Amino acid sequence: MDALFARLARSEFRSRFRLRRAERAYVTEKGLATIRRHAADFVHTRLAAAFPLNDGRQTPMRGHPVFVAQHATGCCCRGCLGKWHGIPAGRPLTAEEEAYVVDVLMAWIERQMAR
């Protein structure tokens, strides 16, 4: 994922995202296993469909560490998944693709927590 994170770091928009104090506290309070479950749920319910409801606007910019991670990593909508991860829109995500997206989100969150 180092190559992906290096590409994302070159994006002015993507590189602006950071976990804030409240979001970091939430991760600490809930634990990474719970945050991973939340990420899997958000990816499955908000992103995995071939044509997600309100695609391009379905992911809030803040309010949960996973939402921030989705924007930081280009996993916020099907268009960004296509651009940043080569996962085409117009068809449901496979189980492997859902797992990949969750892994990307968690890697970003773990990097943020290590700062």
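Residues numbered from 1 in each chain as written. Predicted model: local features only at pLDDT ≥ 70, side-chain atom pairs only at ≥ 80, totals over all residues. Heavy atoms only, no water.

### A few points about the packing of helix α4 (residues 65-73) against helix α6 (residues 95-114)
Link 1 in the chain: With their axes 9 Å apart at the nearest point, α4 and α6 run at an angle of 105° to one another. It follows that α4 is roughly perpendicular to α6 by the angle criterion. Here Pro65, Val66, Val68, Ala69, Gln70, Ala72 and Thr73 of α4 come into contact with α6, specifically with Val104, Leu105, Trp108 and Ile109.
Link 2 in the chain: For the contact of α4 with α6, the per-class residue count stands at 9 nonpolar, 2 polar and no charged. (Axes fitted to C-alpha atoms, helices over the stretch in contact; angles between N-to-C directions. Helix = DSSP H or I, 4+ residues; strand = E, 2+ residues; numbered from the N terminus. Parallel < 35°, antiparallel > 145°, perpendicular 65-115°, else oblique. Contact = heavy atoms within 4.5 Å. Nonpolar A, V, L, I, M, F, W, Y, C, P; charged D, E, K, R; others polar.)

### Let's talk about the packing of aromatic side chains
Link 1 in the chain: Inspection of the entire model under this criterion finds 2 aromatic pairs.
Link 2 in the chain: Ring centres of Phe13 and Phe17 lie 5.2 Å apart, and the angle between their planes is 85°; on these two criteria the pair is classed as edge-to-face.
Link 3 in the chain: On the basis of relative accessibility, which here comes to 12%, the residue Phe17 falls in the buried class.
Link 4 in the chain: Taking NZ or CZ as reference, Arg46 lies 5.5 Å from the ring centre of Phe42, over its face. (Phe/Tyr/Trp six-rings, centres within 6.5 Å; stacked < 30°, edge-to-face > 60°. Buried < 20%, exposed > 50% of the residue type's maximum accessible area, 1.4 Å probe, protein only. Lys NZ or Arg CZ within 6 Å of the ring centre and 35° of its normal.)

### Notes on the environment of Gly31
Link 1 in the chain: Examined against the element boundaries, Gly31 turns out to sit in the loop between α2 (21-30) and α3 (32-46).
Link 2 in the chain: With relative accessibility at 23%, the residue Gly31 sits in the partly exposed group.
Link 3 in the chain: Spatially, the C-alpha atoms of Gly31 and Gly63 are 17 Å apart, while their sequence positions differ by 32 residues.

### Structural notes on the pattern of salt bridges
Close approach of charged atoms allows side chains of opposite charge to pair.
Link 1 in the chain: Per the stated rule, a full pass over the model turns up 4 salt bridges.
Link 2 in the chain: A salt bridge links Arg111 to Asp2; its shortest N-O distance comes to 2.7 Å. Taken together, the positions of Arg111 in helix α6 and Asp2 in helix α1 (residues 2-9) put the pair 109 residues apart, joining distant regions of the chain.
Link 3 in the chain: For Arg111, a relative accessible area of 40% translates into the label partly exposed.
Link 4 in the chain: Across the salt bridge formed by Lys30 and Glu29, the nearest N and O atoms sit 3.9 Å from each other.
Link 5 in the chain: What makes Glu29 exposed here is its relative accessible area of 60%. (Salt bridge = Lys/Arg side-chain N within 4 Å of Asp/Glu carboxyl O.)

### Concerning α6
Link 1 in the chain: A rise of 1.5 Å per residue sets the reference length of α6, with its 20 residues, at 28 Å; its end C-alpha atoms lie 28 Å apart and thus fit the reference within 8%.
Link 2 in the chain: Listing the buried residues of α6 in full gives Glu97, Glu98, Val101, Val102, Val104, Leu105, Met106, Ala107, Trp108, Ile109 and Gln112. (Expected span 1.5 Å × (residues − 1).)

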